[in-house]
Amino acid sequence: MKIIYLIVKYLTLPGTFLQAFFEHLTCRAYEVLVEDGRYLRANEMCGHIQHELVRKRAVSFGLCFFPFLFNLLVGLVLTAAGAVPVLYLGEWFTAGGSVHLLNFLFLWVGVSALTNLFPQTEDALTLKALLYGKGTRPNLFLRILASPLFAVLYAGSYLQKWGVTLLTSAAFACLYPYLLSTFLPQLYNAVR
C-alpha cells in the first residue's frame, strides 16, 4: 500500500506539492502550529504537512476543506485547459508538426491536482470525532449540513491512501470535455 501511495504521489508531483502548500497556508490562516513543514517525504505524510492536533470543529473542518477546495479549483481549470484540446478537439500537434507540449502539461498538472484533493486520513478521522463522536454536541442542522461533504472527504482520504484517486482523476479527465460540452454549446459546435 505504501509503495503504491508513494508512486502515485511522485507521479503527480505538482498536485502533491500544491496540496501540501494549500495545507500549509490553511494552517497559517488558522494559526495551527506546523510541526514538520516538509512537503515531500517518503512516507504516508507525502503531500501533507504534520501539524498539531486540532481540537476545534471549525478549524478541523477548515484544514480538511480549504486545501480540498483550492486543489479542486486548480484541477478543474487546468484539466479543462488540457483535456479539451487534447481529448476533445484532437489537437495533439502544433501547426509546425511538433507535439503540443503545453496542452499535455496542462492535462498532467490538472489531473495531478485532482488526484491529490483529499485530506490525510488522520485529519478526516479527527473531523469525524469532532462532528459525530460521543461527547460532542454540535446541533443537528450542522451535522446534516456537513454530512455529504464529510462523506466525500472521508471516503476520498481512504481512496487517496490506496492510490485509487489517480484512476478516478484520469477517468474524469476523459469525461470532463464531454461534460463541459453539454453546458457550453460553443464547445460542442467546435467539433462539427
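Residues numbered from 1 in each chain as written. Predicted model: local features only at pLDDT ≥ 70, side-chain atom pairs only at ≥ 80, totals over all residues. Heavy atoms only, no water.

A word on the overall build of the chain. Counting its regular elements, the chain contains 8 helices and 2 strands. In sequence order, the secondary structure elements of the chain are arranged as α-α-β-β-α-α-α-α-α-α. Along the longest, intermediate and shortest principal axes, the C-alpha atoms of the chain span 65 × 40 × 30 Å. Long-range pairs, those at least 24 residues apart, make up 72% of the contacts in the chain between residues at least 6 apart in sequence. A total accessible area of about 10700 Å² is found for the chain, and carbon and sulfur atoms account for 71% of it. Seen as two clouds, the 14 positive and the 9 negative side-chain charges of the chain have centres 9 Å apart. (Helix = DSSP H or I, 4+ residues; strand = E, 2+ residues; numbered from the N terminus. Contact = heavy atoms within 4.5 Å. Areas by Shrake-Rupley, 256 points an atom, 1.4 Å probe, with all protein chains shown as cover. Lys, Arg positive; Asp, Glu negative; His and termini not counted. Charge placed at Lys NZ, Arg CZ, Asp CG, Glu CD.)

If you check UniProt for "transmembrane region" (unreviewed entry), the listed places come out as residues 63-89, 101-119, 140-159 and 165-184 in our numbering. Across residues 140-159 one finds 100% helix and 0% strand; the C-alpha atoms that close the span lie 28 Å apart. End C-alpha atoms of residues 165-184 are separated by 27 Å, and the span's content is 95% helix alongside 0% strand. (UniProt positions renumbered as here; feature names shortened; annotations may be inferred.)

This brings us to the packing of helix α3 (residues 57-88) against helix α4 (residues 101-115). Packing of α3 against α4 brings their axes to within 7 Å, and their N-to-C directions diverge by 145°. Seen from above, α3 lies across α4 with left-handed handedness. Facing Asn 71, Leu 72, Val 74, Gly 75, Leu 76, Leu 78, Thr 79, Ala 81, Gly 82, Ala 83, Pro 85 and Val 86 of α3, the residues of α4 in contact are Asn 103, Phe 104, Phe 106, Leu 107, Val 109, Gly 110, Val 111, Ala 113 and Leu 114. (Axes fitted to C-alpha atoms, helices over the stretch in contact; angles between N-to-C directions. Left-handed = near helix turned anticlockwise from the far one by under 90°.)

This paragraph deals with the side chain of His 48. If you trace the backbone, His 48 turns up in the loop between β1 (34-36) and β2 (50-51). Looking at His 48, its side chain comes within polar contact range of the side chain of Glu 23, at 2.7 Å. (Polar contact = N/O pair within 3.5 Å; in protein donor to acceptor, adjacent residues only side chain to side chain.)

Counting across every chain of the model gives 0 disulfides. In this model Cys 64 remains outside any disulfide bridge; the closest cysteine sulfur is found in Cys 27, 10 Å from its own. (Disulfide = S-S within 2.5 Å.)

For the rest of this paragraph, the subject is a nonpolar patch on the surface. A cluster of nonpolar side chains, namely Tyr 10, Leu 13, Leu 40, Leu 102, Leu 105 and Trp 108, defines an oily patch on the protein surface of about 530 Å² accessible area. Here the element with the most residues in the nonpolar patch is α4; it accounts for 3 residues. Structurally, Leu 105 is set in helix α4. (Patch = residues over 30% accessible without salt bridge, like charges linked within 9 Å, V, L, I, M, F, W, Y side chains within 5 Å. Salt bridge = Lys/Arg side-chain N within 4 Å of Asp/Glu carboxyl O.)

Of note, Leu 180 is situated in helix α7 (residues 164-183). Exposure remark for Leu 180: the relative accessible area of 18% places this residue in the buried category. Between the C-alpha atom of Leu 180 and that of Gly 96, which follows or precedes it by 84 residues, the distance is 29 Å. (Buried < 20%, exposed > 50% of the residue type's maximum accessible area, 1.4 Å probe, protein only.)

Counting residues in hydrophobic clusters, the biggest one holds 11 residues: Cys 64, Phe 65, Phe 68, Leu 114, Leu 117, Phe 118, Leu 127, Leu 131, Ala 146, Phe 150 and Leu 153. Breaking this core down by element, the ones donating at least two residues are α3, α5 (121-132) and α6 (140-161). With residues up to four places along the chain from it excluded, the contact list for Leu 153 reads Cys 64, Phe 65, Phe 68, Phe 118 and Pro 119. Listed in part, the 8 residues of the second largest apolar core include Ala 20, Cys 27, Tyr 39 and Val 54. (Core = buried A, V, L, I, M, F, W, Y, C linked by side-chain atoms within 4.5 Å.)

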